[in-house]
Amino acid sequence: MACKANVYALCVISRFSAAIVGGYVFTAVFTSLLSLILPLSKSDAVLLSVSLTILIYSCVFIWVFAIKSLKTVWITILLTSSSCFLSIALLKGWL
């Protein structure tokens, strides 16, 4: 019985890590990308994208706990964060 409790505790810790750390990384990268692609002046685009961060982070946090598969959560966060970062790198001319 203690083994199942430990596995459950690790799953909860992994979900919280995905929600807190993964959500933060995704939100930061997505906000950066959004500020680059919005068709507004630079200062307005940054202000709007920063204003949306609390909404984006909250949605990611809720989504992490709404999905059944923990593997799906981590894969989705990693793939979307890396694709946003790749888009930023292409737009900025780093690649």
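1. Re the overall build of the protein
Within the protein one finds four helices and zero strands. Taken against the 2.2 N^0.38 rule, which gives 12 Å for 95 residues, the C-alpha radius of gyration of the protein at 16 Å runs more than 25% over that of a compact globule. Per-residue burial over the protein gives 26% buried out of 95 residues. For the protein, long-range pairs separated by at least 24 residues make up 68% of all intrachain contacts whose partners lie at least 6 apart in sequence. Approximately 6,400 Å² of the protein is accessible, and the part contributed by carbon and sulfur atoms is 77%.

2. Comments concerning the nonpolar core
A18, A19, F26, V29, L33, I56, V60, V64, V73, I77, C84 and I88 together form the largest nonpolar core, which totals twelve residues. Of all the secondary-structure elements, those providing two or more residues to this core are α1 (2-37), α3 (53-66) and α4 (70-92). Tallying contributions element by element places α1 first for this core, with five residues. Once you skip the residues sitting within four places of it in the chain, A18 turns out to touch G23, V64, V73, W74 and I77.

3. Brief notes about the side chain of R15
Tracing the chain through its elements places R15 in helix α1. A polar atom in the side chain of R15 sits 2.9 Å from the backbone oxygen of I67. Aside from chain neighbours lying at most four places away, what touches R15 is V64, F65, I67, K68, S69, L70 and V73.

Analysis parameters
- Residues numbered from 1 in each chain as written.
- Predicted model: local features only at pLDDT ≥ 70, side-chain atom pairs only at ≥ 80, totals over all residues.
- Heavy atoms only, no water.
- Helix = DSSP H or I, 4+ residues; strand = E, 2+ residues; numbered from the N terminus.
- Rg over C-alpha atoms; globule rule 2.2 N^0.38 Å.
- Buried < 20%, exposed > 50% of the residue type's maximum accessible area, 1.4 Å probe, protein only.
- Contact = heavy atoms within 4.5 Å.
- Areas by Shrake-Rupley, 256 points an atom, 1.4 Å probe, with all protein chains shown as cover.
- Core = buried A, V, L, I, M, F, W, Y, C linked by side-chain atoms within 4.5 Å.
- Polar contact = N/O pair within 3.5 Å; in protein donor to acceptor, adjacent residues only side chain to side chain.

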